[in-house]
Structures are given as C-alpha cells and as structure tokens.
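# Report on the structure
Chain by chain, the residues run as shown.
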Amino acid sequence: SRSLVQDGNAVAGLLYEVFWAEMTDSPTECAHCGYQGEIGQLMLFAKGPGAVLRCPQCHDVVLRVVTTPDAAYIDARGATYLRIRR
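First, a word on what this report is: a plain description of the structure on this page. Computed from a predicted structure; not experimentally measured. (Residues numbered from 1 in each chain as written. Predicted model: local features only at pLDDT ≥ 70, side-chain atom pairs only at ≥ 80, totals over all residues. Heavy atoms only, no water.)

## Here we look at the pairing of strand 6 (residues 61-67)
Examined bridge by bridge, strand 5 (residues 51-54) and strand 6 share four bridges and lie antiparallel to one another. Residue arginine 54 lies in a different strand from strand 6, and its bridge partner there is valine 61. Between strand 5 and the antiparallel strand that follows it, strand 6, lie six residues; histidine 59 among them carries a positive phi value of about 70°. Pairing between strand 6 and strand 7 (residues 72-75): four bridges, direction antiparallel. Looking across to strand 7, one finds that threonine 67 is bridged to alanine 72. Hairpin connection, strand 6 to strand 7: the antiparallel pair is bridged by four residues. (Pairing = 2+ DSSP bridges. Helix = DSSP H or I, 4+ residues; strand = E, 2+ residues; numbered from the N terminus.)

## Here we look at the sheet that holds strand 8 (residues 79-82)
Taken together, three strands build an open sheet; the order of strands is 3-2-8 and the sheet is antiparallel. One side of each edge strand has no neighbouring strand; the edge strands of this open sheet are strand 3 (36-38) and strand 8. Averaged over all pairs of adjacent strands, the angle between their axes in this sheet comes to 25°, without regard to strand direction. (Axes fitted to C-alpha atoms, helices over the stretch in contact; angles between N-to-C directions.)

## Looking at unusual backbone geometry
Backbone geometry at tryptophan 20 places phi at a positive 60°, although glycine is not the residue there. Along the chain, tryptophan 20 falls in the loop between helix 1 (12-19) and strand 2 (27-30). Positive phi outside glycine occurs at histidine 59, with the angle close to 70°. On the basis of relative accessibility, which here comes to 39%, the residue histidine 59 falls in the partly exposed class. (Buried < 20%, exposed > 50% of the residue type's maximum accessible area, 1.4 Å probe, protein only.)

## Remarks on the sheet that holds strand 1 (residues 5-7)
Remark on secondary structure: sheet strands pair via backbone hydrogen bonds, oriented parallel or antiparallel. Overall, antiparallel pairing links the five strands, which are arranged 1-4-5-6-7 in an open sheet. Two strands lie at the open edges of the sheet, namely strand 1 and strand 7, each paired on one side alone. Between one strand axis and the next, the sheet turns through 25° on average, direction left out of account.

## Concerning the packing of aromatic side chains
Evaluation of the coordinates by the stated rule reveals zero aromatic pairs. The ring of phenylalanine 45 has arginine 54 lying over it, and the distance from NZ or CZ to the ring centre is 5.5 Å. (Phe/Tyr/Trp six-rings, centres within 6.5 Å; stacked < 30°, edge-to-face > 60°. Lys NZ or Arg CZ within 6 Å of the ring centre and 35° of its normal.)

## Details of the pattern of salt bridges
Evaluated as defined, the whole model comprises three salt bridges. The salt bridge partner of arginine 85 is aspartate 25, with a shortest N-O separation of 2.6 Å. Within this pair, whereas arginine 85 is found in the segment after strand 8, its partner aspartate 25 is found in the loop between helix 1 and strand 2, the two being separated by 60 residues in sequence. With relative accessibility at 31%, the residue aspartate 25 sits in the partly exposed group. Between aspartate 75 and arginine 77 there is a salt bridge, and its shortest N-O distance comes to 2.7 Å. On the basis of relative accessibility, which here comes to 15%, the residue aspartate 75 falls in the buried class. Relative accessible area serves as the criterion here: at 71%, arginine 77 is assigned to the exposed category. Salt bridges linked by common partners bring Arg64, Asp75 and Arg77 together as one network. (Salt bridge = Lys/Arg side-chain N within 4 Å of Asp/Glu carboxyl O.)

Honestly, it's all geometry; don't read function into it.
This is the structure in structure tokens:
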C-alpha cells in the first residue's frame, strides 16, 4: 500500500547511525534498472523488521538495513554503488 511508503529522507537518522555520514543526498544506482538518484529519492518501506529502500522507477530493492542492539546488517545487493562522503 502506498500509505506505508515514505521517501528515503525518513530514514536519515538510521542511515547516519549506521554509516556515520549524512546519506540522504548521497548518489546511488539501482543494479536492476540503472536508475541514478540520491538515496533520499528511494522509496522507504519501514513496517518490517528493518528499513527497505526501493527504486522509485522499477520498485526493486536497492538497500536493506536492519539494526539490533549488537549489530547493523546492511544488504546493498540492489545497488551498483553507494557513495559515502568523507
């Protein structure tokens, strides 16, 4: 349902906690369709056990982030790249 979808900017705090950098304006590319845009432009689905960021063009999963008290699990198989500024 579209009511469960937000843009990637809604997960800015979680991404900062995991990557120690502002990530919403970082560029990425969808490995499935080649869409290029900022992480904040991805579609966030956050009603599960973590954050799932999908491509706004093809709706394929680009990035998954799950945190536990002891670790952060990152699945970026759907991204050709994620650029993290230093």
